Amino acid sequence: MASHIDAIGLAMLHALAAQKSAREVWWIQAARDGAERPFTAEVAGLLAALPNAHAHVFLSRPRPDDVYDSAGHLSGAVLRTLGLPSDAEAYVCGPAAFQTVVLAALTEAGVPAGRVHTEIFGAQPGLTPGISAKPGRPPHAPEGATGDGPAVSFVRSDLTVPWPSGCASLLDLAEACDVPARWSCRSGVCHTCETGLLSGAVDYTAEPVDPPADGAVLICSARPTGPVVLDL
Ligand code: FES
């Protein structure tokens, strides 16, 4: 996991700690100095609760009393020395320019670009959830056999399709239909995929750590239990 100042990463750490996860976890943080590292004590406590956690902190302009691992900007040369697992899933949070740097550094360190998930914060163009700035193919029924499950309506996309029994999640179905959707963790933690559930009900493949707001659904890990209408 690579992070800048990272509320989503923090939520993921909380989730892992709550599960007492034994998976290998890396918390990699980059900041200018110790004053720009929020949540330091909270992160340290959560990492201490995980049996297989590691951390590495880059400070580009450390102050004399700051605690850190590497002085300077986050770099692939340093990441390479950490022994990050090549099958790691990396979650990167930070401004767009920072993400470009981190993606290059992770790739240099052996983490495939396809395993790097990003969450932008800071200055960026406005985004309307569920609406892509540059839609590709217009929304359409999924390829292959027609589903025989309950109707799933994507109202903004003016598309209703039957739920295919083999589909893993509403997000997977949206993607199969080229319905614009937003996501990051795909595991019910970050809430990036939270979408208005205008009618109907769902169940979850894994209960979210924090449930979505009333009238909303985390589409990355939900399936319909009957006809549903989504604000997508
Ligand atoms: S994509 Fe993170 S909760 Fe759904």
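Criteria and thresholds
- Residues numbered from 1 in each chain as written.
- Predicted model: local features only at pLDDT ≥ 70, side-chain atom pairs only at ≥ 80, totals over all residues.
- Heavy atoms only, no water.
- Helix = DSSP H or I, 4+ residues; strand = E, 2+ residues; numbered from the N terminus.
- Buried < 20%, exposed > 50% of the residue type's maximum accessible area, 1.4 Å probe, protein only.
- Contact = heavy atoms within 4.5 Å.
- Areas by Shrake-Rupley, 256 points an atom, 1.4 Å probe, with all protein chains shown as cover.
- Phe/Tyr/Trp six-rings, centres within 6.5 Å; stacked < 30°, edge-to-face > 60°.
- Lys NZ or Arg CZ within 6 Å of the ring centre and 35° of its normal.
- Pairing = 2+ DSSP bridges.
- Axes fitted to C-alpha atoms, helices over the stretch in contact; angles between N-to-C directions.
- Right-handed = clockwise from strand over helix to strand, strands pointing away.
- pLDDT = per-residue confidence, 0-100.

So, the overall build of the protein
And step 1. Within the protein, the secondary structure is distributed over five helices and 13 strands.
And step 2. For the protein, the residues scored as buried account for 42% of the 232 residues in total.
And step 3. For the protein, the proportion of contacts with a sequence separation of at least 24, taken over those separated by at least 6, is 61%.
And step 4. Counting every atom, the protein has about 11700 Å² of accessible surface; 55% of that belongs to carbon and sulfur.

Comments concerning the packing of aromatic side chains
And step 1. Per the counting criterion, the structure on display carries zero aromatic pairs.
And step 2. Here the basic side chain of Arg 186 rests over the ring of Trp 183, its NZ or CZ set 4.4 Å away from the ring centre.

Observations regarding the sheet that holds strand β7 (residues 151-154)
And step 1. Spatially, β8-β7-β13-β9-β11 is the arrangement adopted by the five strands of the open sheet, whose pairing is mixed. In this open sheet, the two strands that pair with only one neighbour each are β8 (159-162) and β11 (216-218). Ignoring which end each strand starts from, the neighbouring axes of this sheet average 35° apart.
And step 2. Here strand β9 (residues 194-199) pairs with β11 via three bridges, running antiparallel. Residue Gly 196 lies in a different strand from β11, and its bridge partner there is Ala 216.

Digging into unusual backbone geometry
And step 1. If you check the backbone angles, Lys 20 has positive phi at about 50° while not being a glycine.
And step 2. Inspection of the secondary structure assignment puts Lys 20 in the loop between α1 (7-18) and β2 (25-31).
And step 3. Phi at Asp 178 takes a positive value of approximately 55°, unusual for a residue other than glycine.
And step 4. Tracing the backbone through its elements, the reader meets Asp 178 in the loop between α5 (170-176) and β9.
And step 5. Judged by its relative accessible area of 34%, Asp 178 falls in the partly exposed class.

Here's the deal with the pairing of β2
And step 1. Of all seven residues that make up β2, seven are buried, and the element is covered over most of its length.
And step 2. Side-chain alternation along β2 places Val 25, Trp 27, Gln 29 and Ala 31 on one buried face and Trp 26, Ile 28 and Ala 30 on a second face that is also buried.
And step 3. Once the chain exits β2 it traverses helix α2 (residues 40-48) before rejoining the sheet at strand β3 (residues 53-59), and the crossover so formed is right-handed.

Re the confidence of the model for the protein
And step 1. Looking at the protein as a whole, the pLDDT averages 83, with 87% of positions reaching at least 70.
And step 2. For the protein, the element scoring lowest by mean pLDDT is strand β1 (residues 2-3), at 44; strand β12 (residues 222-224) scores highest, at 96.
And step 3. Note that residues 1-5 has pLDDT below 50 and, in this model, 31 contacts with residues that lie over four places away or in other chains.
And step 4. Predicted confidence is poor over residues 122-132, with pLDDT under 50, and the contacts of this stretch with residues over four places away or in other chains come to ten contacts.

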